[in-house]
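Structural overview
For reference, the chains in residue letters:
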Amino acid sequence: MNLPPQLPDLPLFRTIADAAQELGYPAYVIGGFVRDLALQRPSKDVDVVCVGDGIQLAQAVGRKLPNRPRVTVFKNFGTAMLPTPDIELEFVGARKESYRAESRKPEVEAGTLEEDLARRDFTINALGLSLNAEDFGALVDRYNGIQDLKDGIIRTPLDPDITFSDDPLRMMRAIRFATQLNFDIDPDTFDAIARNKERIRIVSQERITTELNKIIMAPKPSYGFKLLFASGLLPLIFPKMALLQGVEKRGQHAHKDNFYHTLQVLDNVVETRADLWLRWAAILHDIAKPATKRFDPKVGWTFHGHEDKGARWTPNIFADLKLPLGEEMRMVQKLVRLHLRPIALVKETVTDSAVRRLLFEAGDDIDNLMKLCRADITSKDHQRVARYLRNFDVVEQKLREVEEKDHLRNFKPVITGEIIMQTFGLAPSKAVGELKDAVLEAILDGQVRNEFGEAYPWLLALGQRKGLEVKQELAAPPAGE
Ligand code: ATP
Ligand code: MG
């Protein structure tokens, strides 16, 4: 740690100080940037608070900078942004806020520095560094934020019931910072989250999801989910995930707790430097287990079809959470649907045809799928884990061999519906679809290669067996195919 935090030695900060002095506004660098200086975390967003008009200060600083950057003013918020080569500056006048119960939009009035610090979310975010001539660079720490940084504690500056009730998003932020920084949440602050959890309902889903995604991108996201669960927030913001928790027993048979299993899988994929979407696939891979759970006296607990149901749910879960519904969602959906397939391959003797089918269905997502499957082995028995992982090595070797031979990853069948219609003089119909599927199956089975010279004669022979008349025999695939 870098204590006390030191302002970086940049002319920029002197320039701000000069402009503030000319206007007669005491000014401070405040909040996250100061915290991150102390923690030696890289950070580029600098928030400047002045006791005065923040927009005026921003404009005055803009005029003093050599390249005269454009100031962007947000009149409604009383803030202004100023881009500089290394640092994004945001200016605001010190303010106090008063809240009404039904909304997280406060009434804002000009205030003192003390009032401005008091409305901040956590003590570690209520630190300031002076930009004033008399004590340039001096630390402002009214709420013992430095001690909390040293101790690794998230704590509100004021009564946490008031801080959280005023702006319930801060409950998500508390858990997000605890997860990102691997800090504890102070017990009084944590209890207040549990007491005020229902207030999260007035926060927009977009803002909740922004915090949730930051938790998911942290080095150990399981910690954040455990805090969300323990505080009671998880059932409110993501009920299906909360339902994974719990173990049911019938006689000898207990199933594993799918919540803790899912968190282990999530932490495991993080180890593979997974992006946000592979992490979401880990979160959702068993999401439909509670809905498919059955007890069969002969075999114990089963979750048949949880992968298909989970995949069917994925678009709605994404929509509810206001996550994007494009390519990312489809990748997650595909991984959820296919997550049992590589394990199934391990169990039987691996045939080329099974490998081909998997490659065809997974396409470019095959690497992510294998990462997910490896992460999904969470047995406490180390030898068992090692055995499974070795089996996966065999599958992956096979995947590579078949891929090299057949190039199936982004495979497009050479025999299109167009070709079939031209050849047999058919109109678009179910019959065309069936012929196309038959060719595809033959290719995946390894009976023919995905090349016109092999697949087309196979199609002609199939047509003959079905009594179809050849209207036009093609010598090569039509241009543009
Ligand atoms: P990060 O940039 O990593 O999200 P940050 O602490 O910089 O972390 P910002 O959202 O950029 O967070 O906010 C900057 C500062 O504004 C915070 O450090 C905190 O002092 C204050 N702040 C932000 N959001 C809130 C809030 N909802 N309630 C109270 N204070 C807040
Ligand atoms: Mg910030």
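Position labels on residues start from 1 in each chain and follow its written sequence. Following the order in which they are written, the chains are lettered starting with A and the ligands numbered starting with 1. Where local features are concerned, this predicted model is filtered to residues with pLDDT of at least 70; where side-chain atom pairs are given and counted, the filter is 80 or more; whole-chain, interface and lining totals use all residues. Side-chain numbers come from the whole structure's heavy atoms, not from hydrogens or water.

1. As for the overall build of the protein
- Secondary structure elements follow DSSP: runs of H or I of four or more residues count as helices, runs of E of two or more count as strands, with numbering from the N terminus. Scanning the protein for helices and strands turns up 24 helices and 15 strands.
- Our radius of gyration is a C-alpha quantity, and the globule rule it is checked against amounts to 2.2 Å times the number of residues to the power 0.38. Radius of gyration (C-alpha) of the protein: 30 Å, far over the 23 Å computed for a compact globule of 481 residues.
- Expressed along its principal axes, the backbone C-alpha trace of the protein runs to roughly 95 × 65 × 40 Å.
- Residues counted as buried form 48% of the 481 residues belonging to the protein.
- Only heavy atoms matter for contacts: two residues are in contact if any of them lie within 4.5 Å across the pair. Residue pairs in contact within the protein that sit at least 24 positions apart in sequence constitute 65% of those at least 6 positions apart.
- Taking the average place of the 67 positive charges on the side chains of the protein and the average place of its 70 negative ones, the gap between the two points comes to 4 Å. The buried label goes to any residue with under 20% of its type's maximum accessible area, the exposed label to any with over 50%, and the partly exposed label to all in between, with areas taken from a 1.4 Å probe on protein chains only. A residue counts as positive if it is Lys or Arg and as negative if it is Asp or Glu; His and the chain ends are not included. Where a charge sits is defined by one atom per residue type, namely NZ (Lys), CZ (Arg), CG (Asp) or CD (Glu).

2. Description of unusual backbone geometry
- Following Leu 3, the chain continues to Pro 4 via a peptide bond in cis, the omega torsion being -15°.
- Summarising the element assignment, Pro 4 is placed in the segment before helix 1 (11–23).
- The backbone of Gln 40 sits at a positive phi, close to 55°, despite the residue not being glycine.
- Mapped onto the secondary structure, Gln 40 falls in the loop between helix 2 (32–39) and strand 2 (45–50).
- For Gln 40, a relative accessible area of 54% gives the class exposed.

3. Brief notes about the domain arrangement of the protein
- Segmenting the protein into domains produces domain 1 (11–151), domain 2 (160–237), domain 3 (272–406) and domain 4 (417–465).
- For each domain, the first and last residues come from an automatic or database assignment. Relative to domain 3, the C-alpha centre of domain 1 lies at a distance of 47 Å.

4. Some remarks on the sheet that holds strand 2
- Strands are labelled as partners when DSSP assigns at least two bridges between them. If you walk across this open sheet you meet the seven strands as 3-4-5-2-1-8-9, and the pairing is mixed. The open sheet has two edge strands with one neighbour each: strand 3 (72–74) and strand 9 (139–141). When the angles between neighbouring strand axes are averaged without regard to direction, this sheet yields 30°.
- Pairing analysis gives six bridges linking strand 2 to strand 5 (residues 88–93), with the strands arranged parallel. Residue Val 48 lies in a different strand from strand 5, and its bridge partner there is Phe 91.
- Axis geometry follows a simple rule: fit a line to the C-alpha atoms, using only the stretch in contact for helices, then measure angles between N-to-C directions, giving values from 0 to 180 degrees. Packing against the sheet, helix 1 makes contact with strand 1 (27–30), strand 2 and strand 5, and its axis sits at approximately 25° to strand 5.

5. Examining the site of ligand 1
- As a structural note, the neighbourhood of ligand 1 is formed by 14 residues, with Arg 35, Arg 120, Asn 125, Asp 167 and Arg 170 the closest of them.
- Whenever a nitrogen or oxygen atom comes within 3.5 Å of another N or O atom, the pair is scored as a polar contact, on the condition that within protein one atom can donate a hydrogen and the other can accept it, and that pairs from neighbouring residues in sequence are kept only if both atoms are in side chains. In the environment of ligand 1, a nitrogen atom lies 3.2 Å from a nitrogen or oxygen atom belonging to the backbone of Asp 121.
- In this structure, an oxygen atom belonging to ligand 1 sits 3.1 Å away from a side-chain N or O atom of Arg 173.
- Shrake-Rupley sampling with a 1.4 Å probe provides the accessible areas, and residues are treated as covered by the protein chains on show and by no other component. Against a free-state accessible area of 580 Å², the protein chains account for coverage of 74% of ligand 1.
- Looking at the shell around ligand 1, the elements that each hand over two or more residues are helix 2 and helix 7 (169–181).
- Here the shell around ligand 1 takes four residues from helix 7, the largest share from any one element.
- Amino acids outside the nonpolar list (Ala, Val, Leu, Ile, Met, Phe, Trp, Tyr, Cys, Pro) and the charged list (Asp, Glu, Lys, Arg) are all regarded as polar, and Gly is one of them. Looking at the shell around ligand 1 residue by residue, the classes come out as one nonpolar, three polar and 10 charged.
- Lining the shell around ligand 1 are residues from two domains, each supplying at least three of them: domain 1 (11–151) and domain 2 (160–237). Nearness is judged by heavy atoms alone; a residue qualifies as near a molecule or strand once a single heavy atom is within 4 Å of it.

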